[in-house]
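These are the residues of each chain, in order.
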Amino acid sequence: MSEMGEDAVLSGEEGGEEEEEEEAHPYGAQEDEKVEVCHLTKETISRGLSLLCRTGNGLGHAFVKADLRDKFSSHLPFDIILPLSGLNDIAAIASFTHLRFLDVSNNHLIDLSPLASLTQLLWLKVDKNAVECFKGQPLAQLTYLQWLSVAGNRLTDLGGLVGPSLESLNLTGNLIERVNGLQSGSLANLVTLELRGNKLDTTDGINLPNLRQLYLAQNVIKRLEGLEKLERLTTLHLRDNQLDTLDGLSPNMKCLQYLNVRNNVILDENDLQGLALVSKTLRALVLSDNPLVDTTDYRLSVLTLLPQLERLDKDPIPPEERIEARERMMALKEEEII
């Protein structure tokens, strides 16, 4: 089940086309600001219900979608300060067991345990709350959950996060420094993972062999580690980090087609040698806004390493440039023979 499909069901809006063009934005109120919080009531839930469907047992009908976002701020840009009010207790939601789509964004939730009884959930959005951890595995009973977003919270680690059917997970804009909780045993079907805007300094710890898309922009990543476990990865997004080398790319990454390392600190052509390990499959590479772009003829070096590349910095490779790279490669081979 795709993110856009379920997002359209819940909000009637489609997401942006270019992940890499998104900028970091502050989420929610600051910790030292006083907030006015309130408890969720069944009356409030009733006002947010929609999408009447047949129940899972086929014996009746029920509303399966609930929108409990803060009504004032849910459609504002992320850089607009949110109102200092919202829900801090959603215990009343526990009796609405037929729900399949639930949005509780823009509140002040810490405890997600009331969601455990919503075993029919397919889609859950908890953006811009105050969730700090997944202690007690609050989502473990949601065995049908396929799409989850907990962006803009206060997560520091991912211990206790379980999602046997989860395919898309968004953890953008938290305080995560390590991702040791991301193991194949608890997230075996995960295909898309977003960790943009956290505090990661390494890619190590992501042991998800079925993962296809990984978004790690706007962290402080200095080292590429553990990538050999991501054998099915097709997209790796590392824009706005602190990489000075591409050492760490692995020949085990046999499906990698798109790599974005824009605005890192790669200075020298020798720091691109790791690209040769993914040369058979890589089709698009973004290197712009690195120091070597201004100081070297990097395009020719890249094409020598990646003769199959189709796009470099979003521009198609012109035939004449490809021919020049091929000639350079032949010349280098002749020098080796001599």
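This is a predicted model, so every value here is computed, not measured.

Calculation criteria
Residue numbers here run from 1 along each chain, matching the order of that chain's written sequence. With pLDDT at 70 or above as the cut-off, local features in this predicted model cover only qualifying residues; side-chain atom pairs require 80 or more to be listed or tallied, and sums for whole chains, interfaces and linings still use all residues. Note: side-chain values were computed over all heavy atoms of the structure, leaving out hydrogens and water. The rule for a salt bridge is simple: a side-chain nitrogen of Lys or Arg has to be within 4 Å of a carboxyl oxygen of Asp or Glu. The way it works is that DSSP assigns letters per residue, a run of H or I at least four long becomes a helix, a run of E at least two long becomes a strand, and they are numbered from the N terminus. Relative accessibility under 20% of the residue-type maximum defines a buried residue, over 50% an exposed one, and the middle range a partly exposed one, all with a 1.4 Å probe and only protein chains included. The criterion is simple. A nonpolar core is a set of buried Ala, Val, Leu, Ile, Met, Phe, Trp, Tyr and Cys residues joined through side-chain atoms within 4.5 Å. When DSSP finds two or more bridges between a pair of strands, those strands are recorded as paired. Counted as a polar contact is a pair of N or O atoms within 3.5 Å, where, for protein atoms, one must be capable of donating a hydrogen and the other of accepting one, and residues adjacent in sequence contribute only when both atoms are in side chains. In what follows, residue pairs with any heavy atoms lying within 4.5 Å of each other are defined as contacts. Pairing of aromatic side chains here covers Phe, Tyr and the six-membered ring of Trp, requires ring centres within 6.5 Å, and sorts the geometry by plane angle: under 30 degrees stacked, over 60 edge-to-face, intermediate tilted. One confidence number per residue, pLDDT, is output by the predictor and ranges from 0 to 100.

## Re the pattern of salt bridges
Phase 1 of the analysis: Under the criterion given, the structure shown has eleven salt bridges.
Phase 2 of the analysis: Arg178 is paired through a salt bridge with Asp201; the nearest N and O atoms lie 2.8 Å apart. Of this pair, Arg178 sits in the loop between β8 (168–170) and β9 (192–194) while Asp201 sits in the loop between β9 and β10 (213–215), and the two are 23 residues apart along the sequence.
Phase 3 of the analysis: Arg178 sits in the partly exposed class, given a relative accessible area of 38%.
Phase 4 of the analysis: Residue Glu194 pairs with Arg196 through a salt bridge whose shortest N-O separation is 2.4 Å. Assigned by exposure class, Glu194 and Arg196 land together as buried.

## Concerning the nonpolar core
Phase 1 of the analysis: By size, the foremost hydrophobic cluster in this structure holds 78 residues, and its most contacted members are Leu102, Leu193 and Leu236.
Phase 2 of the analysis: Of all the elements, helix α4 (residues 298–305) adds the most residues to this core, at five residues.
Phase 3 of the analysis: The next biggest cluster of nonpolar side chains, apart from the first, holds five residues, and it includes Phe101, Leu122, Trp123 and Trp147.

## Re the pairing of strand β2 (residues 49–54)
Phase 1 of the analysis: Examined bridge by bridge, β2 and strand β3 (residues 61–67) share five bridges and lie antiparallel to one another. Bridge pairing in β3 links Ser50 to Lys65.
Phase 2 of the analysis: The turn joining β2 and β3, which pair antiparallel and follow one another in sequence, is formed by six residues; a positive phi near 75° is taken by Gly58.

## Side note on the environment of Asn210
Phase 1 of the analysis: Assignment of secondary structure puts Asn210 in the loop between β9 and β10.
Phase 2 of the analysis: Residue classification places Asn210 among the partly exposed positions, given a relative accessible area of 24%.
Phase 3 of the analysis: Put simply, Asn210 and Lys229 are 19 residues apart on the chain and 9.4 Å apart in space, counted from C-alpha to C-alpha.
Phase 4 of the analysis: Separated by 2.8 Å, the side chains of Asn210 and Arg232 make a polar contact.

## Quick look at the environment of Ser50
Phase 1 of the analysis: Among the structural elements, Ser50 can be located in strand β2.
Phase 2 of the analysis: Along the backbone, Ser50 and Asp67 are 17 residues apart, and their C-alpha atoms lie at a distance of 8.3 Å.
Phase 3 of the analysis: What Ser50 contacts, discounting residues up to four positions off in sequence, is Phe63, Val64 and Lys65.

## Quick notes on the packing of aromatic side chains
To describe a pair of aromatic rings, you give the distance between the ring centres and the angle between the ring planes.
Phase 1 of the analysis: The tally for this structure, following the rule as stated, stands at one aromatic pair.
Phase 2 of the analysis: Centroid distance Trp123 to Trp147: 4.5 Å. Interplanar angle 5°. Geometry classified as stacked. Taken together, the positions of Trp123 in strand β6 (residues 123–125) and Trp147 in strand β7 (residues 147–149) put the pair 24 residues apart, joining distant regions of the chain.
Phase 3 of the analysis: On the accessibility criterion, Trp123 (0% relative accessible area) is buried.

## A closer look at unusual backbone geometry
Of all residues except glycine, most have a negative phi; of all peptide bonds, most are trans.
Phase 1 of the analysis: A positive phi angle, close to 60°, is found at Gln218, a residue other than glycine.
Phase 2 of the analysis: Note on placement: Gln218 falls in the loop between β10 and β11 (235–237).
Phase 3 of the analysis: The backbone of Asn263 shows a phi angle near 55°, a positive value even though the residue is not glycine.

## Quick notes on the confidence of the model for the protein chain
Phase 1 of the analysis: Confidence in the prediction for the protein chain averages 86 pLDDT; 83% of positions are at 70 or higher.
Phase 2 of the analysis: For residues 1–22, every residue scores under 50 in pLDDT, and the model assigns this stretch 41 contacts once sequence neighbours within four places are set aside.

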